Amino acid sequence: ADKIGQRLTGVCGCLLVCIAMVLASIAKSWWGMFFFGFVFCCGSAVVVGYIPALSCGWAYWPWIKGRISGTVLCAFGFGAFIFSILGTLIVNPDN
């Protein structure tokens, strides 16, 4: 992230998520494409998304890198928790 910049790293993560969702959605009968799209690309995109958030936090607070790492990872997990509930309510409100 330091070599190519925070913004470009974030954009690459977003593009990987988009590619993952497209591959997973068009994989009707072939599980290999679904596995590659959703598991590999989406997992890689989440890791790429961690990098700019962590390095920005570490740049501002270099003396508490552990606390910053925990806070950023907790925020990513809490966001996934909240948006999974919200997505379920939007897509399938009767469930």
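None of these values were measured; they are calculated from a predicted model.

A. Just the overall build of the chain, in detail. Secondary structure assignment for the chain yields three helices and zero strands. Of the regular secondary structure in the chain, the N- to C-terminal order runs α-α-α. Taken along the three principal axes of its C-alpha coordinates, the chain extends 50 × 35 × 20 Å. In the chain, which comprises 95 residues, the share counted as buried stands at 18%.

B. Seen up close, helix α2 (residues 31–60). Between its first and last C-alpha, α2 extends 43 Å over 30 residues, near the 44 Å set by a 1.5 Å rise per residue. Gly 37, Cys 41, Cys 42, Ala 45, Pro 52, Leu 54, Ser 55 and Gly 57 are the residues of α2 that are buried. In this structure, the buried side of α2 is in contact with α1 (6–26) and α3 (65–91).

C. Geometry of a nonpolar patch on the surface. Together, Phe 78, Phe 81, Ile 82, Phe 83, Ile 85, Leu 86, Leu 89, Ile 90 and Val 91 line one region of the surface with nonpolar side chains, adding up to about 950 Å² of accessible area. Inspection of the secondary structure assignment puts Phe 81 in helix α3.

D. Local environment of the packing of α1 against α2. Interaxial distance between α1 and α2 falls to 8 Å at its minimum, and their mutual angle equals 160 degrees. One way to sum up the angle between α1 and α2 is to call them roughly antiparallel. Where α1 crosses over α2, the handedness of that crossing is left-handed. Taken together, the residues of the contact of α1 with α2 break down into 19 nonpolar, seven polar and no charged.

E. Expanded view of the state of the cysteines. According to the stated counting rule, one finds zero disulfides in the structure shown. Counting only cysteine sulfurs, Cys 14 is the nearest neighbor of Cys 18, a cysteine outside any disulfide, at a range of 6.8 Å. In this structure Cys 18 comes out as partly exposed when scored by relative accessible area, which is 47%. Cys 42 takes part in no disulfide bond, and the closest cysteine sulfur to it belongs to Cys 41, at a distance of 8.5 Å. Residue Cys 42 is classed as buried on the basis of its relative accessible area of 14%.

F. Seen up close, the environment of Met 33. Positionally, Met 33 belongs in helix α2. Setting aside its immediate chain neighbours within four residues, Met 33 contacts Leu 23, Ile 26 and Ala 27.

G. Looking closely at the packing of aromatic side chains. This model, assessed by the stated rule, comprises three aromatic pairs. Aromatic pair Tyr 60 and Trp 61: ring centres 6.1 Å apart, planes at 50 degrees, arrangement tilted. If you follow Lys 65 out to its NZ or CZ, it ends over the ring of Trp 58, 5.8 Å from the centre.

Rules used in this analysis
- Residues numbered from 1 in each chain as written.
- Predicted model: local features only at pLDDT ≥ 70, side-chain atom pairs only at ≥ 80, totals over all residues.
- Heavy atoms only, no water.
- Helix = DSSP H or I, 4+ residues; strand = E, 2+ residues; numbered from the N terminus.
- Buried < 20%, exposed > 50% of the residue type's maximum accessible area, 1.4 Å probe, protein only.
- Expected span 1.5 Å × (residues − 1).
- Contact = heavy atoms within 4.5 Å.
- Patch = residues over 30% accessible without salt bridge, like charges linked within 9 Å, V, L, I, M, F, W, Y side chains within 5 Å.
- Areas by Shrake-Rupley, 256 points an atom, 1.4 Å probe, with all protein chains shown as cover.
- Salt bridge = Lys/Arg side-chain N within 4 Å of Asp/Glu carboxyl O.
- Axes fitted to C-alpha atoms, helices over the stretch in contact; angles between N-to-C directions.
- Parallel < 35°, antiparallel > 145°, perpendicular 65-115°, else oblique.
- Left-handed = near helix turned anticlockwise from the far one by under 90°.
- Nonpolar A, V, L, I, M, F, W, Y, C, P; charged D, E, K, R; others polar.
- Disulfide = S-S within 2.5 Å.
- Phe/Tyr/Trp six-rings, centres within 6.5 Å; stacked < 30°, edge-to-face > 60°.
- Lys NZ or Arg CZ within 6 Å of the ring centre and 35° of its normal.

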